[in-house]
Structures are given as structure tokens and as C-alpha cells.
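Residues per chain are reported as follows:
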Amino acid sequence: MGLTIAQKIIKAHLVSGEMIPGEQIAVKIDQTLTQDATGTMAYLEFETMGVPRVRTEKSVAYIDHNTLQSGFENADDHRYIQSVASKHGIYFSRPGNGICHQVHLERFGIPGKTLIGSDSHTPTGGGIGMLAMGAGGMDVAAAMGGGAYYITMPKMYKVNLTGKLKPFVSAKDISLEILRLLSVKGGVGAIIEWGGEGIKNLSVPERATITNMGTELGATTSIFPSDEVTREFLRAEGREGDFTPLSSDPDAQYDKIIDINLDELKPLIACPHSPDNVVTVESLAGTKVDQVCIGSCTNSSLFDMLKVAALLKGKTISESVSLSISPGSKQVLAMLSDCGALGDIIASGARLLECACGPCIGMGFSPNSAGVSLRTFNRNFEGRSGTADAGVYLVSPETAVAAALTGEITDPRTLGSMPAIKMPESFKINDTAVIPPASEESAGSVAVLRGPNIKPFPESKPQNDTLTAAVSLKVGDNITTDHIMPAGAKILPYRSNIPYLSNFCFGVCDKSFPERAKALGESIVIGGSNYGQGSSREHAALVPMYLGVRAVIAKSFARIHAANLINSGILPLTFKNAGDYDKVSEGDALSLTGIFAGMDKGEITLKDETNGEEATLVCSFTERQKNILKAGGLLAFATKN
Ligand code: MIC
Ligand code: SF4
């Protein structure tokens, strides 16, 4: 039987396990990336593992999330990451050099290689034919130390694109269409391969917009073939030598095939508060808009920015709209500046932000109260923008500009004719903002600089054979990591201070949770389906662990979060019958007995001591995962072994 693109890459990197969907496999990792909001913790964990120098082909530490420095905390963390990277053989991308995924695509991504990153949008690299996956910081630390990455062998889905995008319809609309079709749970347990004759007209950055938002489908990753379009992109980046062709076999088998005709696609928009809440832009036309943000790892390439500049050229934005532009990288910004397009953007009244995540993670530029914000980003979860009652909509750059000009949601096809965009033959290459690590010989003398913001790693506890604890919180379906451990400018600087962060845990759902959990000592959280979707932040597991959460029982889990729970020593268990979720209430005393035998059997019985009800919980842990849970988390496990 023929192989899909992802199966070929997995086969070439398989360390253990069988490539049967649902089986645990271990994959050798060629490259890693970290960003600063998850990186500080990841490098603290890496240091604990005691490996002197990374064992990957290339590891890069980016600073792109915590770039507002309203106190010493972020600057101290940047200094820590720079010094620890230099000491251990990791390249350091300075603040201002750009968003990790955009820069990695431009400067480091290589077709056919494996990449894991401590950021859920690492699948952006699938746009260049990499097998690129988001992971928790501990898994990235382990991979930097030469360890394999453990995942469940995914199913394979294929999306066939036919036809050609019409003017004012773009790659972002393809992402929104697949979210409309599949929902935020639709990609769970699968790798999505994009193909069909329609991909020929999509450049690498457009493909990367699509693989980037595959994360919102819950997919393990998404991938495009490596073809002449890929070669052309690498040539323009001065890296043609990194090109290898890559395609699926003609007789490759897929578990699901989806067809999208690009000729029929219209501009789409995701409404608050979920990326799959998708309707046509025309159906919302006339809705008043307060703010428009263009950028993020989804839509900040040179092509996106040139389109924005061309549409803004000679025009002034609406008086009632505040427009922000964050180019994805220094390369994009420099080229915009050189060709004059930056001047067109500035002249229109836009506010230029630095090349970083910025408003996407609530790092500044929060909307006004009850404001309507149109963003070219990938997530519109409740509260993420930093304004609790804002309504955030996700759109393409074209739709964003249309709203900025008119002050209301506007179908961009009404703007007239789309100006022709001429992409340069080659990109401007200037890697001075990427600092190479110290040589192996001089690494010993590099001092690692730690600021007072870094607090000791919280102590985890081994799982016992019995667990008796109360339910500290019961939540519904699709709870995101932004609900569990919110981000934003006020909290993000404390990513290496778990005790402080704990005051905000589950703040979006229930502000009294931290106090209640602390008072209970040990407790259990009950969740609905797709629990922990969204970000890779391991803080959404480490903080509950610090607050005494010993198990999360849900209808189903998002992949990275389930792995983070295990790495933090928390049991992720699933109701065998989803209806049993209704039997348990907040405050109930629960008991789980025979946990170790249950882990082997795959079933554990839950007794609700408050109402006498029983339910069967299922789990399918590998031997390694059982040992991690018994040790009290990956760090305890790794330092013992
Ligand atoms: C996000 O988009 O939610 C983030 C911020 O990039 C996260 C990482 C983090 O929480 O630091 C992600 O996507 O993994
Ligand atoms: Fe940064 Fe937003 Fe991309 Fe996350 S989704 S990496 S916060 S730009």
C-alpha cells in the first residue's frame, strides 16, 4: 500500500511503535523551536535534565510573545533564554526579529524534516512540507536532549483543492471553510494533507496560513507536498539547497477525503468566541467595527502585507476604527519599507506594531469595552484579547482592510478591483538578529543569567493506587487553555512563576477556583469534550497541578493538553459513556480505587461518594506514560531514569 506524505516522514523517523492509527509511536526530532512565553519553563526543564548540548540538527529560541516590557520580568526572561541558549547550542532569535513560525518558515524550515515547538501553531511548518507539531515544553526539552517525541499514530485525512481563488478570497478563507466543515474537534487524532490541482496557485506562506490554522481543527498537524512552489520559495530565501521533493504515493489511503472548490469560495468570517463559528462576510455586512488587527503567525507574510498596503494605498481608514499592523518578521518589515509599501500603510492611519504576536495574545492593543474587533488571527476565544466583553471576529487580510476603510463589516469584493501584487524575485536576507550559540569549547564559560522572576519549579506528586478527592470544578465542552490558564499582558510575564500564575487559574470560568482548590488540598476537575483545546502551554497543566488537581475526568481531551497533564503527573481520564458526565456535580466527593491495575486494564471505576453513582472511566496509557504518572510527571521520571 502506498504512503501519505506524513506517513513517509514518520517512517523515516520512527524510533519505536507501529504505524497503526491509535498506537503509540516515538519519532526522532530533527529541529525544535521555543517561544519566550513557554520557553523559560522549557529551558528550566532542559537544565534539570542535565544535557550539556542539544542533540537536534537545529534548535531555535524565539522571543516574540512577551515583548511588552512594563517591568523587569520579560526583559529578565529574554536574558535568561539568550544565555541558556548560547550555553547549550541553541540559536537565539532576538526580540523584534519576528514571530517564531514566520521566521522559522523563512529561515530554517526544511521539507521532510521533523520539528516540534512549544507552541501549538508549529504546524505552520507543514506549509513547507515539514512534519511540524506543537508540544508541551517538557516534550520539547526532552527532544532537545535527544529524546524521541511520543504521539498517538494519527489517522490520515486529505483535502483536495480544485479551481482557483477569486479576487478578494484568500488562503484564510480556505482555513475558515475547513473549520466550518469540520469544527474545532474535526481534526482530532488526524494529520491533514492538502493536495489537488488547486494547491499549485498557493505560495508557501499561503499554504502556511492553512497549516497554521489546522491547529484550530485539533489536528496533530497539517502538511502540503514539497513541490516546485516550495523550491521557488526556498530559492527566494537563498536556501534552494534545502529543497527535497515530497509527495504522497498515488495509492496512499486516507481515512477521510474532503473536496473544496476554490472557485466557489466566498470571503468568510469566524464569529465570537470560536474559530469554527463561521459564516459569510456578506451575511454580517453593516455590523459596526471598532478595531482591526492585521498580523499574527496566520497572516503576516510579505504577500499578506503587500495586499494590505495595495488596498490601503491612497486611502484613509475610518475615523471610528483603530487599525494595527504587525508584520511577521524583520524580513517582511524591511522589504515593506524598501519597496515603499510601508509608507502606504502608515499614510492610511494604521498603527504600526512590532514584529511579534502582540494583540493576538493580548500583549497590548486590547479592544474598547464591548468592542468589535476584526482580526486576521487564528483564535477568538473569550477574553483572549484582554477585554472580557469584546467580540473578536477572525477574517482574511482583505476583509480586515475592507472593515478598516468603511468602519463596518464589509464584503471585500465590494472594494472594486484587486490590485495586482508583484512578489519580489528574492527575499532580503539579513540574519543578524539570529545569534548563533557559543562554540562547544567556550560554552562552559557562558553564565546563565536568571532574574528574580524565576521561581522554583513546583513539586509534583506521584500518583497512588487510590485517589479520594472532591470535584473542585465542573466545566462544559471545548474548554480552551485560555480558559484554564489565561494569557495577556498582565499575566504572561509570570510564566516562570507558577505560584503567582495560580491566582488566575480558570479565571474566565470561575474566579473562586484557585481559593477553592487550595482549600481542598487535592481535587478533581470534570470537563466536557475536547477539554484543553488551543494552546500548547504546559502552564494549563502545571498550575492545576500546583493547586492540587490530581485528575481531570472529561468526555474527551485535546492532544497536546492530554500529554501536558501526564507530563505534570495529572491523570487524564475519559468517561466511557459520555452521559455519565451528568452524574457528577461540583463539590461531590469522588473515589478511584485500583488505579494501577485499572491503568493496565484500560478501565478505572469511579464512585461518587456523595450520590452513590458509579461510572467507568477509560484510559490507554503506554508503559512509559504509566511510569511518568507513577513518578509524578516527566521531569521526575526523566531525572530518575
Ligand atoms: C497561543 O496562540 O495561544 C500561544 C500563546 O501562542 C500558545 C503558547 C503559549 O500559551 O505560550 C500556543 O498556541 O501554544
Ligand atoms: Fe503568537 Fe498568536 Fe501565533 Fe500564538 S497564535 S504564536 S500568540 S501570533
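Structure: above.
Residues numbered from 1 in each chain as written. Chains lettered and ligands numbered in written order. Predicted model: local features only at pLDDT ≥ 70, side-chain atom pairs only at ≥ 80, totals over all residues. Heavy atoms only, no water.

1. Quick look at the overall build of the chain
Then comes step 1: Scanning the chain for helices and strands turns up 20 helices and 27 strands.
Then comes step 2: For 641 residues, the compact-globule estimate of 2.2 N^0.38 gives 26 Å, and the chain sits close to it at 23 Å.
Then comes step 3: By its C-alpha atoms, the chain is 70 × 60 × 55 Å across when sized along the principal axes.
Then comes step 4: Partitioning the contacts of the chain with sequence separation of at least 6, the portion at a separation of at least 24 is 77%.
Then comes step 5: Accessible area for the chain stands at about 21,600 Å²; split by element, carbon and sulfur atoms hold 50% of it.
Then comes step 6: Across the chain, the mean location of the 58 positive side-chain charges is 2 Å away from that of the 68 negative side-chain charges. (Helix = DSSP H or I, 4+ residues; strand = E, 2+ residues; numbered from the N terminus. Rg over C-alpha atoms; globule rule 2.2 N^0.38 Å. Contact = heavy atoms within 4.5 Å. Areas by Shrake-Rupley, 256 points an atom, 1.4 Å probe, with all protein chains shown as cover. Lys, Arg positive; Asp, Glu negative; His and termini not counted. Charge placed at Lys NZ, Arg CZ, Asp CG, Glu CD.)

2. A few points about the packing of aromatic side chains
Then comes step 1: Counted by the stated rule, this structure contains seven aromatic pairs.
Then comes step 2: Residues Phe233 and Phe427 carry aromatic rings whose centres are separated by 5.7 Å and whose planes lie at 65° to one another, so their mutual orientation is edge-to-face. Separated by 194 residues along the polypeptide, Phe233 in helix 8 (residues 228-236) and Phe427 in the loop between helix 12 (397-406) and strand 20 (434-435) bring together distant segments of the chain. Of the two residues, Phe233 and Phe427, neither departs from the other in class, the shared state being buried.
Then comes step 3: By way of ring pairs, the aromatic residues Tyr494, Tyr500 and Phe504 are connected into one cluster.
Then comes step 4: In this arrangement the basic side chain of Lys58 is found over the ring face of Tyr91, its NZ or CZ atom lying 4.4 Å from the centre.
Then comes step 5: Over the face of the ring belonging to Tyr581 we find Lys555, whose NZ or CZ atom lies 4.5 Å from the ring centre. (Phe/Tyr/Trp six-rings, centres within 6.5 Å; stacked < 30°, edge-to-face > 60°. Buried < 20%, exposed > 50% of the residue type's maximum accessible area, 1.4 Å probe, protein only. Lys NZ or Arg CZ within 6 Å of the ring centre and 35° of its normal.)

3. Looking at the packing of helix 9 (residues 302-312) against helix 12
Then comes step 1: Interaxial distance between helix 9 and helix 12 falls to 9 Å at its minimum, and their mutual angle equals 30°. Taken together, the axis directions place helix 9 and helix 12 in an arrangement best described as roughly parallel. Pair helix 9 / helix 12 crosses with right-handed handedness. Of helix 12, the residues touching helix 9 (which contributes Asp304, Lys307, Val308, Leu311 and Leu312) are Pro397, Glu398, Val401 and Leu405.
Then comes step 2: For the contact of helix 9 with helix 12, a count of residues per class yields six nonpolar, no polar and three charged. (Axes fitted to C-alpha atoms, helices over the stretch in contact; angles between N-to-C directions. Parallel < 35°, antiparallel > 145°, perpendicular 65-115°, else oblique. Left-handed = near helix turned anticlockwise from the far one by under 90°. Nonpolar A, V, L, I, M, F, W, Y, C, P; charged D, E, K, R; others polar.)

4. Overview of the nonpolar core
Then comes step 1: In this structure, Phe506, Phe513, Ile526, Tyr531, Ile553, Leu573 and Leu606 are the most contacted members of the largest nonpolar core, which totals 97 residues.
Then comes step 2: Val60, Met130, Ala132 and Leu312 belong to the second largest nonpolar core, which has 55 residues in total. (Core = buried A, V, L, I, M, F, W, Y, C linked by side-chain atoms within 4.5 Å.)

5. Description of the pattern of salt bridges
Then comes step 1: In this structure the tally under the stated criterion is 33 salt bridges.
Then comes step 2: A salt bridge links Glu237 to Arg107; its shortest N-O distance comes to 2.7 Å. Of the two residues, Glu237 sits in the loop between helix 8 and strand 12 (256-261) while Arg107 sits in helix 4 (residues 100-107), which places them 130 residues apart along the sequence.
Then comes step 3: According to the relative accessible area criterion, Glu237 is buried, its value standing at 0%.
Then comes step 4: A salt bridge links Arg550 to Glu522; the shortest N-O distance between them is 3.4 Å. Here Arg550, found in strand 23 (residues 549-554), pairs with Glu522, found in the loop between helix 15 (513-520) and strand 22 (523-526); they are 28 residues apart in sequence, far enough to count as distant.
Then comes step 5: A relative accessible area of 27% means that Glu522 is categorised as partly exposed.
Then comes step 6: In the salt-bridge network here, residues are joined through shared partners; they are Lys266, Glu282, Asp411 and Arg413. (Salt bridge = Lys/Arg side-chain N within 4 Å of Asp/Glu carboxyl O.)

6. A few points about the site of ligand 1
Then comes step 1: Near ligand 1 lie 14 residues; those nearest to it are Asp119, Ser120, Arg384, Ser536 and Arg537.
Then comes step 2: His65 is positioned with one of its side-chain polar atoms (N or O) 2.8 Å from an oxygen atom of ligand 1.
Then comes step 3: Take Arg384: an N or O atom from its side chain is 2.8 Å from an oxygen atom of ligand 1.
Then comes step 4: With the chains in place, 97% of the 330 Å² that ligand 1 exposes on its own is no longer accessible.
Then comes step 5: When the residues that make up the shell around ligand 1 are grouped by side-chain class, the tally is two nonpolar, seven polar and five charged. (Near = heavy atom within 4 Å. Polar contact = N/O pair within 3.5 Å; in protein donor to acceptor, adjacent residues only side chain to side chain.)

7. Notes on helix 5 (residues 137-144)
Then comes step 1: The buried fraction of helix 5 amounts to eight of the eight residues, a majority that puts the element mostly inside the structure.
Then comes step 2: Immediately beyond the C-terminal end of helix 5, within one or two residues, lies Gly146, with a positive phi of roughly 100°.

8. Points about the environment of Lys511
Then comes step 1: Positionally, Lys511 belongs in the loop between helix 14 (498-501) and helix 15.
Then comes step 2: On the basis of relative accessibility, which here comes to 71%, the residue Lys511 falls in the exposed class.
Then comes step 3: Placed 81 residues apart in sequence, Lys511 and Asn430 show a C-alpha to C-alpha distance of 47 Å.

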